[in-house]
Amino acid sequence: DSVRAPEAVAAKIAGRMERSSWIQNRSPLEVSIEQGTATLRGLVATDHDRVLAERLTLLEGGIWAVKNELQVEGSTPELEEPPALLEADEAPQSE
């Protein structure tokens, strides 16, 4: 059966990540799927775990994109991202 309920696919992906010895999750990982896009939420130990979870999700049939909202323990991505955007905006002005 090539068409599976999004909830069943999400549960399969979440279970796979929870059982994985490669991903060190710090909270239960939540997976939701809408129109072929999987959204990942939860807390992982490292940025490597965050990227690996995204890549494992993309291996699942019927998943075409991943919205990775996983947080890395001890980091605050909301605070880290704006300075990088400011630096990129400032680069053309410095010429």
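Residues numbered from 1 in each chain as written. Predicted model: local features only at pLDDT ≥ 70, side-chain atom pairs only at ≥ 80, totals over all residues. Heavy atoms only, no water.

Engineer: Give a description of the overall build of the protein chain that names residues and reports values.
Structural biologist: Looking only at helices and strands, the protein chain features 3 helices and 3 strands. Secondary structure elements of the protein chain, listed N to C terminal, follow the sequence α-β-β-α-β-α. Scored against the burial criterion, the 95 residues of the protein chain give a buried share of 29%. Sequence-distant contacts, at least 24 apart, represent 49% of the contacts inside the protein chain between residues at least 6 apart. (Helix = DSSP H or I, 4+ residues; strand = E, 2+ residues; numbered from the N terminus. Buried < 20%, exposed > 50% of the residue type's maximum accessible area, 1.4 Å probe, protein only. Contact = heavy atoms within 4.5 Å.)

Engineer: I'd like to hear about the side chain of Thr 57, residue by residue, with values.
Structural biologist: Relative to the assigned elements, Thr 57 resides in helix H2 (residues 47-58). Under the relative-accessibility criterion, Thr 57 is labelled buried at 0%.

Engineer: Tell me about unusual backbone geometry, and name the residues and values.
Structural biologist: With phi around 50°, Gln 35 is a residue other than glycine that occupies positive phi space. Summarising the element assignment, Gln 35 is placed in the loop between strand S1 (30-34) and strand S2 (37-44).

Engineer: Can you tell me about the confidence of the model for the protein chain, naming the residues and giving the values?
Structural biologist: It should be kept in mind that the predicted coordinates are not to be read in detail where pLDDT is low. Looking at the protein chain as a whole, its pLDDT mean stands at 80, while 76% of the residues score no less than 70. Across residues 79-89, where pLDDT falls below 50, the model places 1 contact with residues more than four positions away in sequence or in other chains. (pLDDT = per-residue confidence, 0-100.)

Engineer: Tell me about the nonpolar core, residues and numbers included.
Structural biologist: Soluble globular proteins tend to bury their nonpolar side chains together. Membership of the largest hydrophobic core comes to 19 residues, with the highest contact counts inside it found for Ile 13, Met 17, Ile 23, Val 31, Ile 33, Leu 40 and Ile 63. Residue assignment for this core shows that the elements contributing at least two residues are helix H1 (6-19), S1, S2, H2 and strand S3 (65-72). Broken down by element, this core gets its largest block of residues, 5 residues, from H1. When near neighbours in sequence (up to four residues on either side) are disregarded, Ile 33 contacts Pro 6, Val 9, Ala 10, Ile 13, Ala 38 and Ile 63. (Core = buried A, V, L, I, M, F, W, Y, C linked by side-chain atoms within 4.5 Å.)

Engineer: Can you explain H1? Please cite residues and give values.
Structural biologist: If you check H1, its first and last C-alpha atoms are 20 Å apart, about what 14 residues at 1.5 Å a residue would give, namely 20 Å. Buried within H1 we find Val 9, Ala 10, Ile 13, Ala 14, Gly 15 and Met 17. Contact partners of the buried residues in H1: S1, S2 and H2. (Expected span 1.5 Å × (residues − 1).)

Engineer: Let's hear about the sheet that holds S3: which residues, and what values?
Structural biologist: Strand order in this open sheet of 3 strands is S1-S2-S3, and the pairing throughout is mixed. Of all the strands in the sheet, the pair left with one neighbour each is S1 and S3. For this sheet, the mean angle separating the axes of adjacent strands, direction not counted, is 10°. For S2 and S3, the ladder comprises 8 bridges, and the chain directions are parallel. Looking across to S3, one finds that Ala 38 is bridged to Val 66. (Pairing = 2+ DSSP bridges. Axes fitted to C-alpha atoms, helices over the stretch in contact; angles between N-to-C directions.)

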